[in-house]
Amino acid sequence: PAPMPATRIAPLYAAVLAAFVVSRAASFLVLTVATEPQPYLDYARAVRDTSVADFYRSGRPEYPPLTAVFLVPPLWLADAPFDLGRLVADRRRTADHPAAARYEAALGLQLLAVDALLAGAVYAAARRLYPDEEPVTRAARVGLYVGASAAFAPVWFDRLDAVVGLSAVLALLAFAGGRTALAYAVLLAGAAFKLVPGLLLPAVVLAAAAADRAAGRTFGRAVVRQAAIAGGMLLLGVAITALLVGGGAFSFLAPHAARGVQPESTYGPPVRLADPDSRVVFNYGGFHLAGPLADRVAPLTTLIVGVLLLAAVAAAGRVFWRRTAGPPGRVELGRLLVAACVLTWLAFILGSKVGSPQYVIWLTPLVPLLPLADAGGRRWAAWFVGLCVLSNLVYPAAAGTVTGPMVGGDPPTWAGSTPLGLGLVAAKAAVTAGLACRLGVRLWRDGLREVKPEASASAGIR
């Protein structure tokens, strides 16, 4: 078909840009709930007034060291002579203290820069992975990112999860460009910000092993070679972190290990139904179920999430092993790597005891990079947008139905999920499981080979 004229392409990108500006302005100026600025401000002040090493040695951090470093620059802007707090004065919930309100606005501006960079990275990755694609489809991919992320408008400038998604897209760009070591380094840097980018390392190792067949290596030998490179870089990163930050560099792992089962997690509804006397308490920065059954389930979640992650790696390993039979090229491998990364994070979200609804934010820049040329891919993307909406309902829109009414004040205790809250969490878990199973089966069976649009009605989706 003849290429679309530029006069018809420009309005498409203008519409996507307009949607980006309007949704971000509404989120930044009005819709953001802003429940986190004070803890972030405390982090930033502690690091600025002492050092990262001192803070991690004497404080009680809940985030990796790079997160603390990321939170410092907004302090410089917040201390400017003009009052940034006025920018967020119309939000539904703004920090009471003027200094916290200024920091809230400054952090939002920094996250807006990350957001704009992420939109550009999605466009760049779409051009790299789908070089022959029609511009209208490429614009739709960026529009899908804008629309899916807009579902999180109440927390988009109140959470740091967009940075996690950015690390994944930058790693994909590096891999597709033939810079596998750089892809490992980007994911390891992301893991120093929030651990979950490190979960994508096995998928990149397998994709790189498939690419290595061009050098005459067997797939098994290539996997060992790439795993050794990634593992060596991981050990080097751990050593550098320990050297720069000191003995407390990994103290943030303790509160994560001590956390209980959150009512927003996949385990929340069955635990609540099986133990109606369970209650919700707040500790370690989140709401958790308290009760005999919840206490027994919490240790088991590590095993469950491990099994789910191994299943995702097995599906990725099979498809990358099968691609060694021909010359796939970095572009095709990059497309498969997107699916492997999405599947890995879906498995983690499904099996994690934390279950924060904002974890879905990690996937908002990756899903637009999946194959979307057939009806099955588009339906999957539509269901993903539905998952984003459900996640926003679970928190913050209907958070009170998930925790239930408060029943005690010392320590603060909530009654537990109402029937509506249980239904919302169960629906979110069901959609997450359905998306993961559908993507995993399709990846396992045919490596996401697309059915041509004209054939989809009769052939179906394999």
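Below or above, wherever it landed, is the structure these notes cover. In this numbering scheme, every chain counts its residues from 1 along its sequence in written order. Owing to the predicted nature of the model, reporting of local features is limited to residues with pLDDT of at least 70; listing and counting of side-chain atom pairs is limited to 80 or more, with chain, interface and lining totals taken over all residues. The side-chain figures draw on all heavy atoms in the structure; neither hydrogens nor water molecules are used.

Observations regarding the sheet that holds strand 4 (residues 412–414)
Phase 1 of the analysis: Only strands that DSSP links by at least two bridges are regarded as paired with each other. Helical segments are the DSSP runs of H or I of at least four residues, strand segments are the runs of E of at least two, and each set is numbered from the N terminus. Spatially, four strands are ordered 2-1-4-3 in an open sheet, and the strand pairing comes out antiparallel. Of all the strands in the sheet, just strand 2 (286–290) and strand 3 (406–409) have a single pairing partner and so form its edges. Looking at each pair of strands side by side, their axes are set apart by 30° on average, direction ignored.
Phase 2 of the analysis: The pairing of strand 3 with strand 4 spans three bridges and is antiparallel. Looking across to strand 4, one finds that M406 is bridged to W414. Here, axes are lines fitted to C-alpha atoms. For helices the fit covers the stretch in contact, and angles between N-to-C directions go from 0 to 180 degrees.

Quick look at helix 15 (residues 329–351)
Phase 1 of the analysis: Under the 1.5 Å per step criterion, the end-to-end length of helix 15 is 33 Å for 23 residues, consistent within 8% with the ideal 33 Å.
Phase 2 of the analysis: By the criterion of burial, helix 15 is predominantly enclosed, with 18 of the 23 residues buried. For a helix, the expected span equals 1.5 Å multiplied by the number of residues minus one. Exposure is judged per residue with a 1.4 Å probe applied to protein chains only, and the accessible area is read against the type maximum: over 50% gives exposed, under 20% gives buried, and values in between give partly exposed.

Considering the pattern of salt bridges
Phase 1 of the analysis: Here, a salt bridge means any Lys or Arg side-chain nitrogen found within 4 Å of an Asp or Glu carboxyl oxygen. Applying the stated rule across the entire model yields 13 salt bridges.
Phase 2 of the analysis: A salt bridge links E104 to R91, with the nearest nitrogen and oxygen atoms 2.7 Å apart. Note that E104 is positioned in helix 6 (residues 98–129) and R91 in the loop between helix 5 (73–78) and helix 6, a separation of 13 residues in sequence.
Phase 3 of the analysis: With a closest N to O distance of 2.6 Å, R323 and E332 form a salt bridge.

Topic: helix 11 (residues 219–245)
Phase 1 of the analysis: Its 27 residues give helix 11 an end-to-end C-alpha distance of 38 Å, which sits within 8% of 39 Å, the value for a rise of 1.5 Å per residue.
Phase 2 of the analysis: Turning to helix 11, its buried residues number three or more, namely F219, A222, Q226, A230, T241 and V245.
Phase 3 of the analysis: Whether two residues are in contact is decided by their heavy atoms, any of which lying within 4.5 Å being enough. Looking at the buried side of helix 11, the elements it contacts are helix 3 (52–58), helix 4 (65–70), helix 9 (180–193), helix 10 (201–211) and helix 14 (292–322).
Phase 4 of the analysis: Two residues or fewer after helix 11 comes G246, characterised by a positive phi angle close to 100°.

Considerations on the side chain of D275
Phase 1 of the analysis: Looking at the secondary structure, you find D275 in the loop between helix 13 (268–274) and strand 1 (279–283).
Phase 2 of the analysis: A positive count includes Lys and Arg, and a negative count includes Asp and Glu. His and the chain ends are not counted in either. For the buried D275, no salt bridge exists, and the shortest N-O distance to an oppositely charged side chain is 7.0 Å, to R296.
Phase 3 of the analysis: Excluding residues within four positions of it along the chain, D275 makes contact with G291, P292 and L293.

Let's talk about the state of the cysteines
Phase 1 of the analysis: Sulfur atoms of two cysteines make up a disulfide when they are within 2.5 Å. Scanning all chains against the criterion turns up zero disulfides.
Phase 2 of the analysis: Unpaired in terms of disulfides, C341 finds its nearest cysteine sulfur in C388, a separation of 17 Å.
Phase 3 of the analysis: Summary of cysteine pairing: C437 is not part of a disulfide, and the nearest cysteine sulfur, belonging to C388, is at 18 Å.

Remarks on the nonpolar core
Phase 1 of the analysis: In this structure, F320 and F384 are the most contacted members of the largest nonpolar core, which totals 130 residues.
Phase 2 of the analysis: In contact with F320, not counting residues within four places along its chain, are A203, L206, A207, A210, F219, L333, L336, L337 and A340.
Phase 3 of the analysis: The nonpolar core is taken to be a set of buried Ala, Val, Leu, Ile, Met, Phe, Trp, Tyr and Cys residues, with the residues joined through side-chain atoms within 4.5 Å. Judged by nonpolar contacts, the second largest core, of nine residues, contains V261, V271, A298 and W414.

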